[in-house]
Amino acid sequence: MIVAEMNFSVDFQCEVNNQNHKTAEIGTNRLIIRRGQLFYIILQSYTDEYIDHNTIVLTAKTGVKPSTSSGTEVMFSVNSLSANGWKAFVSSSTGTRLTLAISSSPNAKIGRYSLHLLTTKEFKSSKIGEFILLFNPWCTEDDVFLDSDEQREEYVLNEDGVIFVGTNQSIQSRSWYFGQFEDKIIDICLTLLDKNLKCQECPRKDYIRRNDPAYISRVVTAMVNCCDDSGVLQGKWQSPYTGGTCPWHWNGSVAILHQWDKSGSQRVQFGQCWVFAAVACTVLRCLGIPTRVVTNFNSAHDSNGNLTIDEFFDERGRKCGGGGDSVWNFHVWIESWMARNDLKPGYGGWQVLDPTPQEKSEGVYCCGPAPVTAIKDGSVDMKYDVPFVFAEVNADQVCWLLHRDGTKEKLSIETQHVGQNISTKCCGRNDRDDITQNYKYPEGSDKERAIVSEADLINRLGRVPEKKLQLHMKAEKSINNGSDAQVHVTISNLSSSNMVCNLNFSAHVKSYNGNLVNQITEKDLERIAVRANGDETMTLVVPYSDYGNYLGHHHLIKLTASVVDIVTKKMALAVNDLSVINPEITIQIRGDPVIHLPLMAEIQYTNTLRVPLNHCVFTVEGTYLICGMKTFKINRIDANQTIKMPVEFIPSKAGPRKLMVDFDCKEMTDVKGFKNITVQCFKL
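Cut-offs and rules
- Residues numbered from 1 in each chain as written.
- Predicted model: local features only at pLDDT ≥ 70, side-chain atom pairs only at ≥ 80, totals over all residues.
- Heavy atoms only, no water.
- Axes fitted to C-alpha atoms, helices over the stretch in contact; angles between N-to-C directions.
- Helix = DSSP H or I, 4+ residues; strand = E, 2+ residues; numbered from the N terminus.
- Parallel < 35°, antiparallel > 145°, perpendicular 65-115°, else oblique.
- Contact = heavy atoms within 4.5 Å.
- Nonpolar A, V, L, I, M, F, W, Y, C, P; charged D, E, K, R; others polar.
- Left-handed = near helix turned anticlockwise from the far one by under 90°.
- Buried < 20%, exposed > 50% of the residue type's maximum accessible area, 1.4 Å probe, protein only.
- Pairing = 2+ DSSP bridges.
- Salt bridge = Lys/Arg side-chain N within 4 Å of Asp/Glu carboxyl O.
- pLDDT = per-residue confidence, 0-100.
- Lys, Arg positive; Asp, Glu negative; His and termini not counted.
- Polar contact = N/O pair within 3.5 Å; in protein donor to acceptor, adjacent residues only side chain to side chain.
- Disulfide = S-S within 2.5 Å.
- Phe/Tyr/Trp six-rings, centres within 6.5 Å; stacked < 30°, edge-to-face > 60°.
- Lys NZ or Arg CZ within 6 Å of the ring centre and 35° of its normal.

Caption draft 1: Spotlight on the packing of helix H3 (residues 185–195) against helix H8 (residues 273–287). As a packed pair, H3 and H8 sit with axes 10 Å apart at the nearest point and diverge in direction by 100°. Taken together, the axes of H3 and H8 are roughly perpendicular relative to one another. In this structure, H3 uses Ile185, Ile186, Cys189, Leu190, Leu192 and Leu193 to contact H8, whose residues at the interface are Thr282, Val283, Cys286 and Leu287. Its residues placed into classes, the contact of H3 with H8 shows 9 nonpolar, 1 polar and no charged.

Caption draft 2: Focus on the packing of helix H6 (residues 213–224) against H8. Between H6 and H8, the least distance of the axes is 10 Å, while the angle of their chain directions is 145°. Both H6 and H8 take part in a crossing whose hand is right-handed. The residues of H8 that touch H6, namely those facing Ile216, Ser217, Val220 and Val224, are Phe276, Val279, Ala280, Val283, Leu284 and Leu287.

Caption draft 3: View of helix H10 (residues 386–394). Most of H10 is tucked away, with 8 of its 9 residues classed as buried. For H10, the set of buried residues is Val386, Phe388, Val389, Phe390, Ala391, Glu392, Val393 and Asn394.

Caption draft 4: Just unusual backbone geometry, in detail. Here Gly368 and Pro369 are connected by a cis peptide whose omega angle stands at 5°. One can find Pro369 in the loop between strand E19 (349–353) and strand E20 (370–371). Here the amide bond leading from Lys383 into Tyr384 is cis, since omega sits at -5°, within 30 degrees of zero. Turning to its location among the elements, Tyr384 is positioned in the loop between helix H9 (372–377) and H10.

Caption draft 5: Broad picture of the sheet that holds strand E17 (residues 319–320). Pairing is mixed in the open sheet, where 4 strands are placed in the order E17-E16-E21-E22. Because the sheet does not close on itself, it has two edges, and the strands there are E17 and strand E22 (408–414). The sheet contact formed by strand E16 (residues 308–313) and strand E21 (residues 396–402) spans 6 bridges and is parallel. Along E21, the bridge assignment pairs Glu311 with Cys399.

Caption draft 6: Spotlight on the sheet that holds strand E6 (residues 73–77). Strand order in this open sheet of 5 strands is E3-E10-E9-E5-E6, and the pairing throughout is mixed. Both edges of this open sheet fall to strand E3 (31–34) and E6, since each of them pairs with a single strand only. With strand direction ignored, the average angle separating the axes of adjacent strands in the sheet is 30°. Judged from the 5 bridges that link them, strand E5 (residues 56–62) and E6 form a sheet pairing that is antiparallel. Pairing of Lys61 across the sheet is with Glu73, part of E6.

Caption draft 7: Seen up close, the pattern of salt bridges. One pass over the full model with this rule turns up 27 salt bridges. The partner of Glu154 in a salt bridge is Lys425, with the nearest N and O atoms 2.9 Å apart. With Glu154 in helix H2 (residues 149–157) and Lys425 in strand E23 (residues 420–425), this residue pair connects regions lying 271 residues apart in the sequence. Its salt-bridge partner being Asp314, residue Arg318 comes within 2.9 Å of it at the nearest N-O pair. Taking the relative accessible area as the measure of exposure, Asp314 reaches 19% and is therefore buried.

Caption draft 8: Geometry of the environment of Met75. Residue position: Met75 is located in strand E6. For the pair Met75 and Leu58, spaced 17 residues apart in the sequence, the C-alpha separation amounts to 5.7 Å.

Caption draft 9: Focus on the environment of Phe390. Looking at the secondary structure, you find Phe390 in helix H10. In this structure Phe390 comes out as buried when scored by relative accessible area, which is 1%. Sequence-wise, Phe390 and His508 are 118 residues apart; in three dimensions their C-alpha atoms are separated by 30 Å.

Caption draft 10: Representation of the confidence of the model for the chain. Per-residue confidence for the chain gives a mean pLDDT of 90; residues scoring 70 or more make up 96%. Between residues 457–461, whose pLDDT stays under 50, and residues either more than four places distant or in other chains, the model counts 17 contacts.

Caption draft 11: Here's a closer look at helix H7 (residues 254–262). Of all the positions in H7, only Val254, Ile256, Leu257, His258 and Trp260 are classed as buried. Against the buried residues of H7 lie strand E12 (170–177), H3, H6, strand E13 (233–235), strand E14 (268–271) and H8. Following H7 by one or two positions, Gly264 has its phi on the positive side, about 75°.

Caption draft 12: Main features of the side chain of Glu667. Residue placement: Glu667 occurs in the loop between strand E38 (655–664) and strand E39 (671–679). Although Glu667 is buried, it forms no salt bridge, and the closest oppositely charged side chain is Lys666 at an N-O distance of 5.3 Å. From its side chain, Glu667 meets the backbone nitrogen of Asn614 in a polar contact 2.9 Å long.

Caption draft 13: Main features of the state of the cysteines. What the rule picks out here adds up to 0 disulfides. Considering cysteine sulfurs only, Cys399 is the nearest to Cys320, which forms no disulfide, with 11 Å between them. Assessed through its relative accessible area of 29%, Cys320 is described here as partly exposed. Cysteine Cys366 remains unbridged, with the sulfur of Cys367 as its closest cysteine sulfur at 7.5 Å. A relative accessible area of 6% means that Cys366 is categorised as buried.

Caption draft 14: Up close: the packing of aromatic side chains. Within the structure shown, the criterion is met by 19 aromatic pairs. The interplanar angle of 70° and the centroid separation of 6.0 Å between the aromatic rings of Tyr605 and Phe618 together place this pair among those described as edge-to-face. Here Tyr605, found in strand E34 (residues 599–606), pairs with Phe618, found in strand E35 (residues 613–621); they are 13 residues apart in sequence, far enough to count as distant. Relative to Phe663, the ring of Phe618 has its centre 4.6 Å away and its plane inclined at 35°; by these criteria the two rings are tilted. With Phe618 in strand E35 and Phe663 in strand E38, this pair connects stretches of sequence that are 45 residues apart. Accessibility assignment for this pair places Phe618 and Phe663 in one class, buried. Grouping aromatic residues by their ring pairs yields a cluster made of Phe39, Phe76, Trp86, Tyr113 and Phe131. Directly above the ring of Tyr441 sits Lys376, whose terminal nitrogen or CZ lies 4.6 Å from the centroid. Positioned above the aromatic ring of Phe674, the side-chain terminus of Lys658 is 4.8 Å from the ring centre.

Quick look at the structure:
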């Protein structure tokens, strides 16, 4: 950039600086730096006039109406430290060529800046350029400093991820492309900050707080959903998804953020918890805050704050109404790493943040940051939203029987069901890292029970006395789509008298958030004789013909059995969840992946169902591998038929890449496959 009135040009050294600040993946055509770290600019006189660094004063400005009082305008001289931590010094000088080393404060506001230069010799001030300033987890003085190269590589720089879904007994993974360094994403993330309600109401107060990762992360969780503002995603937890995209069809954050931006901040339809979490992860990683996606299996949604999840059943074992409590098979949130200067020592580190709109926090649908250490220790007075997250991983599940006369009877209390297999992706590989121990002490241990008691959230409902009539259910953790499910139900008579019982068994397709979608099976077995102190076991079947047309995107079946002693009218209940696993798509790469050279992949899929698949659509995509998406349509795939499809593509960028394939048809949805590829610059 040439500064005409000062007779010199300015070179921001974007390529070198961005490489040093680990932002070159975003681009090298503009300056993108991290706070608290040196960057270099070159002033070159285009006359023979000497550049006197002693006369130079620099000013960095950010936000609307920047001012020194708010910290959004910072003035600092060369070779002297400013009061707010910005500094500049001479790196080298030849008289007509001056290289300045500049560093922001490690506590500076993040965002878009303009840089101005004033010479005290002539009292001329000119804008010499612009830059973007991000959080810096490599800087020991930054609040997001993370002292692990491996974790910084994973939680800041890695654009590929895995999200865990399913049930605690049958954990599955979904591939996700975060794409935080993709084209325009950084600009969209900064726009997202400017669109938040606090900034819209009072930009000055908002910009003052943009140095604080706790504030920024809380803003992001509010803006990723659209419940209170012009946020990114609209949630929807049941079909139809007319007018939008089914949440299960998203494979990455980039398309979502681009759509939101291109539409003028109109909500994108539709998201569910893992989509909300993944988009928030993209935004926070882009801004420089170490972030990871976390899945909590058997996640409680305690709507009234009593740390119990109350479920109600009628006398035939059918689930009925009774409040807003629920247990989700899984729920996905994020953790971000930061200091918590707003809290007493000991509560920094990983913080839970949840952009899925569940309950309001301070009048807005957002959640966190809640210190993971506070959740484990039961410190429910810590900011923000610790009681809600504490309940998500610790609530007791209580089953009630609603009698016809309106009275209710407690059937069971389960204290170890909620908060299982809390999972995130391992650093450097796609395996699952179980981090349950970060959130809670071992289930049932004295320490765990003491923590619940100390939190003053202990279940006050008392114990359920041992019942003489009990019911147990055993089934496989998962079955392959197209298979029949065998369920073994055992009635136990712990009394000294014989019993005659009626048994009701039902199966429902279930969404992951606990809602029952369709009843697919119901069986009644009457007058089952059970000897005193004896058992009676029955084997029941849920055939594919019952669930095949109703499974949709849910892949979960809830099994419920209830038994009634026809004499005493006493009742017992047993429930279980069954995962239905889709067949895999396999991808084989033929040849060596080299940038700008054609590459062939072979996609293979076998129809494992007992029926033909109709109106089949394969969608192939991969950032820097395929421009947009490639779609292949096949009218019919017969039972047990294997199809193979060649796909040619040309990698446009070197480095680790991911080829992803989606398959949908009339009879089956949400079948996925992916292949990790490392693209070389040159043929080896």
